[in-house]
Amino acid sequence: MTITADDRASITELLAMHGHLIDAGELDRLDEVLTTDAVYDVTDLGAPALEDLDAIRAAALALGNGNPVGHLITNIVLTEVANGNMHARSKGIGVNADGTTGTVTYEDTIVRTGQGWRISHRKVIAHRTPLGGKASGPAAH
């Protein structure tokens, strides 16, 4: 199957919509961006992988005010993989209520469903050191 420019635009909007829904607290609408059995792998952040929409919603509610107030996504790279699925690699920037920020890489499996494209698996990889941990020399001030 060939992925069209329209598919790429739809997937890019899907990735952006995830942040809008989370930031607005519209957790009841996560089925617009995730499959019902989606795996949300946040093990790199020290939490267990979340294995369906109910678990994802419950984790967001449990984190409460610890959630970022802004989820921003950028640097989206889409690659077609087996069975017409897509792999999306993107950068996430989280802005916290106190103004601090953090950055992650999202590794997503995107599948076509009867309702359109959805994320079926997301791995969140935190960035804690410059240059992927390959930096040397004095730290920036």
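Heads up: the structure comes first, above all this text.
Source: prediction; values computed, not measured.

Attention shifts here to the pattern of salt bridges. Applying the stated rule across the entire model yields eight salt bridges. Arg-29 is the partner of Glu-26 in a salt bridge, and the nearest nitrogen-oxygen pair spans 2.6 Å. Residue classification places Glu-26 among the partly exposed positions, given a relative accessible area of 27%. With a closest N to O distance of 2.7 Å, Arg-122 and Asp-108 form a salt bridge. Taken together, the residues Arg-122 in strand β5 (residues 116-127) and Asp-108 in strand β4 (residues 101-113) connect sequence positions 14 residues apart. Residue classification places Arg-122 among the buried residues on the basis of a relative accessible area of 1%. Overall, Asp-108 belongs to the buried group, its relative accessible area being 0%.

Moving on, we get to the nonpolar core. Counting 26 residues, the largest nonpolar core has Leu-30, Leu-34 and Ile-110 as the members making the most contacts within it. Every element with two or more residues in this core is listed here: α1 (5-23), β1 (34-41), α2 (53-63), β3 (86-95), β4 and β5. Excluding anything up to four places from it in sequence, Leu-30 contacts Leu-21, Ile-22, Leu-53, Ile-56 and Arg-57.

About the cut-offs
Residues numbered from 1 in each chain as written. Predicted model: local features only at pLDDT ≥ 70, side-chain atom pairs only at ≥ 80, totals over all residues. Heavy atoms only, no water. Salt bridge = Lys/Arg side-chain N within 4 Å of Asp/Glu carboxyl O. Buried < 20%, exposed > 50% of the residue type's maximum accessible area, 1.4 Å probe, protein only. Helix = DSSP H or I, 4+ residues; strand = E, 2+ residues; numbered from the N terminus. Core = buried A, V, L, I, M, F, W, Y, C linked by side-chain atoms within 4.5 Å. Contact = heavy atoms within 4.5 Å.

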